[in-house]
Amino acid sequence: SRENNLTVRARMHEDPNKVFVIDDGKKITYGDFLKRAGQYVASLHQHYKISKGDRILARVSKNVDAIALYVACLRLGAIYVPLNPAYTKQETEHFVKDASPSLFVTCNESADKEFVGKVQHVLKESDLSASTSKLSPNLDVENLESDDVGVICYTSGTTGLPKGAMLTHGGLSSNAEALIDCWQFSKNDVQLHCLPFFHIHGLFVAFNCTIFSHSTLLWRPKFDVSDVIKHIPESTVMMGVPTYYSRLCGSSKLSPDLCKTFRVFICASAPLPDEVWKDFQKKSGHTILERYGMTEAQVVTSNSYSVSKRAPSVQGKPLKGVDVRITDTGSIEVKSPSLFKGYWKNPEKTAKDFTQDGYFITGDMGQWDKNENLVLLGRSKDVIITGGLNVYPKEVEDQLDQFDEIEESAVIGVPHSDFGEAVVGVIVLYDRDGDKTELEKRIIIDLKAKLAGYKVR
Ligand code: ATP
Ligand code: MG
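Along each chain, residue indices are assigned from 1 in the same order as the chain's sequence is written. Chains and ligands are labelled by the order in which they are written, letters from A for the one and numbers from 1 for the other. In keeping with the predicted nature of the model, local features appear solely for residues at pLDDT of at least 70, side-chain atom pairs appear and are counted solely at 80 or more, and the whole-chain, interface and lining totals rest on all residues. Only hydrogens and water are set aside when side-chain values are computed; all heavy atoms of the structure are taken into account.

**Student:** Can you walk me through the sheet that holds strand β9 (residues 190–193) in this structure?
**Tutor:** Across a sheet, strands are paired by hydrogen bonds formed along the backbone, either parallel or antiparallel in direction. Pairing is mixed in the open sheet, where nine strands are placed in the order β2-β1-β10-β9-β11-β12-β13-β14-β15. If you trace the sheet from one side to the other, it starts and ends with β2 (26–29) and β15 (317–318), each paired once. Pairing of strand β11 (residues 237–240) with strand β12 (residues 264–267), which is carried by four bridges, proceeds in the parallel orientation. Across the sheet, residue M239 finds its bridge partner in β12, namely I266. Set on the sheet, helix α2 (residues 30–46) makes contact with β1 (19–23) and β2; between it and β2 the angle comes to about 80°. Set on the sheet, helix α3 (residues 64–76) makes contact with β1, β2 and β10 (216–219); between it and β1 the angle comes to about 140°. By definition, two strands form a pair when at least two bridges between them are found by DSSP. Helix and strand assignments follow DSSP, with helices taken as H or I runs no shorter than four residues and strands as E runs no shorter than two, numbered in order from the N terminus. Residue contacts are counted whenever heavy atoms from the two residues lie within 4.5 Å of one another. The axes are straight lines fitted to the C-alpha atoms, using for helices just the contacting stretch, and the angles between their N-to-C directions are given from 0 to 180°.

Below, the structure is given as structure tokens:
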């Protein structure tokens, strides 16, 4: 039914005069936003014949029209496939082949020109935005089952190519409902949103808490210390990765007075060092609320909202409706209504990641502390997390191994004061006595052309 559609289950239509998003000072109400999304529905449906189940690949900038495109896909029952705008041509090729989209909306026309002909429609985001402005909104909503797929989120694979996790309307909605309850979101919240809008943290956790509580997003294009400092007094909630908080601690303007009307700072995605938690408490007067989750299961555990119970270095208790167990070997396994439906076109990998009795094997290791809080111990796969983004050693090693000069390579993470971890490649050359400085420069330049910027800085 219509009710299964995430946008209807969130009841986004119920408060048309409430401010939904503040974009560069401009306030847009829920009513006006839904009309804008309705123009995208009209365009996608009439001009591009998009309907339920079709994939839309979105390599888009972080602006309000990107939200309208996303919401339009949900309303049509089409499957939204977000891409990091930083992906290179080589990386993008895989997503195009794997997702086989009917429409590819891009902010990087020059890089994506080559997909014209391979994808039915390749559109520049600004052209789509301009052409939709003249249409009358289509406010229809597709009837869905709650396990119909809303979004495919690609996660970089430890073995082989990135795989697409299928998230359903029902799964996304149930996690959102548990979260607004856990974190006590209300209509009065104003969320300072500076996360990327192409993976779980910014696209689901943060965004859904706002729409399900009919509150307001303060939409920022990216994380920037002075920008956040400037907007803290007008906001009540922020979600971020540890790097955000360690950088904020470096600002002389962060103070308890600045944050006195703020409600809660939430953190996840990578280990949050104790020192940062304590430093942030001293400088802002707030204890960071840490939670744990992943693309495939969304948010799994969270520290308590109650200020007296927030603690560093623990990831909290399972959300309402979420079942977490830790095996004898320390492996964390999850069963919940918010679990993904499987990896897109990859039933073998899906089967491998589930136990016989239907628990998802997270790939993380952990234990329970004496207060029954989850404590993460690390990943069973050795991913490097740099600035909150994941780099798998294997994908960089694979590129290094393609150089004729390189006999062997190993990529490791080393502690980095700003990014948390930095990616370091260790290589063995065939010619042990050759000129290494020139070669090193050449390798780095070459890798930068093949891999996203955060994988090789
Ligand atoms: P990929 O995108 O390549 O699949 P990924 O699984 O790391 O990598 P996400 O789903 O965005 O991508 O991240 C989930 C992972 O992030 C978790 O499995 C866990 O290892 C890590 N993580 C999440 N929250 C925390 C936290 N609070 N502390 C430490 N690590 C965390
Ligand atoms: Mg993962």
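**Student:** What is the right way to read empty space enclosed by the protein from this model?
**Tutor:** To find leftover empty space, a probe the size of one water molecule is rolled over the atoms. The definitions used throughout rest on a 1 Å grid laid over the protein atoms alone, on which a cavity is an enclosed set of points accommodating a 1.4 Å probe that cannot get out and a pocket is an open set flanked by protein within 12 Å on both sides along at least five of seven lines; lining residues are those having an atom within 4 Å of a point. Grid points are joined across faces, edges and corners, and a volume is the space filled by probe spheres set on the points. Applying the stated criterion to the full structure yields one cavity of 30 Å³ or more. The computed volume of the largest cavity comes to approximately 30 Å³. Along the walls of the largest cavity sit L172, N175, A176, L179, F204, V205, N208 and Q298, which together make up its complete lining. Listing elements by their share of the lining of the largest cavity, those giving two or more residues are α7 (169–182) and α8 (200–213). Of all the elements, α7 adds the most residues to the lining of the largest cavity, at four residues. Residues were grouped as follows: Ala, Val, Leu, Ile, Met, Phe, Trp, Tyr, Cys and Pro as nonpolar; Asp, Glu, Lys and Arg as charged; and all remaining residues, including Gly, as polar. Its residues assigned to classes, the lining of the largest cavity shows five nonpolar, three polar and no charged.

**Student:** Mind showing me how you'd approach the layout of surface pockets here?
**Tutor:** Its volume calculated, the second largest pocket comes out at about 650 Å³. For the second largest pocket, the lining is made up of 31 residues, of which P196, F198, K222, Y244 and L389 are closest to its centre. The set of elements that each furnish at least two residues to the lining of the second largest pocket consists of β4 (79–82) and α10 (242–249). Sorting elements by how many residues they give to the lining of the second largest pocket places α10 first, with three residues. Split by residue class, the lining of the second largest pocket holds 19 nonpolar, eight polar and four charged.

**Student:** What should I look at first to understand the nonpolar core in this one?
**Tutor:** As used here, the term nonpolar core means buried Ala, Val, Leu, Ile, Met, Phe, Trp, Tyr and Cys residues forming a set that is joined through side-chain atoms within 4.5 Å. Think of it in three bands: residues with accessible area under 20% of the maximum for their type are buried, residues over 50% are exposed, and the middle band is partly exposed, with areas taken using a 1.4 Å probe on protein chains only. Of all hydrophobic cores here, the largest spans 106 residues; its most connected members are F20, F33, L69, Y70 and M238. In terms of residue count, the dominant contributor to this core is α3 (11 residues). Filtering out sequence-adjacent residues up to four positions away, M238 remains in contact with L192, C194, V228, Y244, Y245, L248, F262, V264, F265 and I266.

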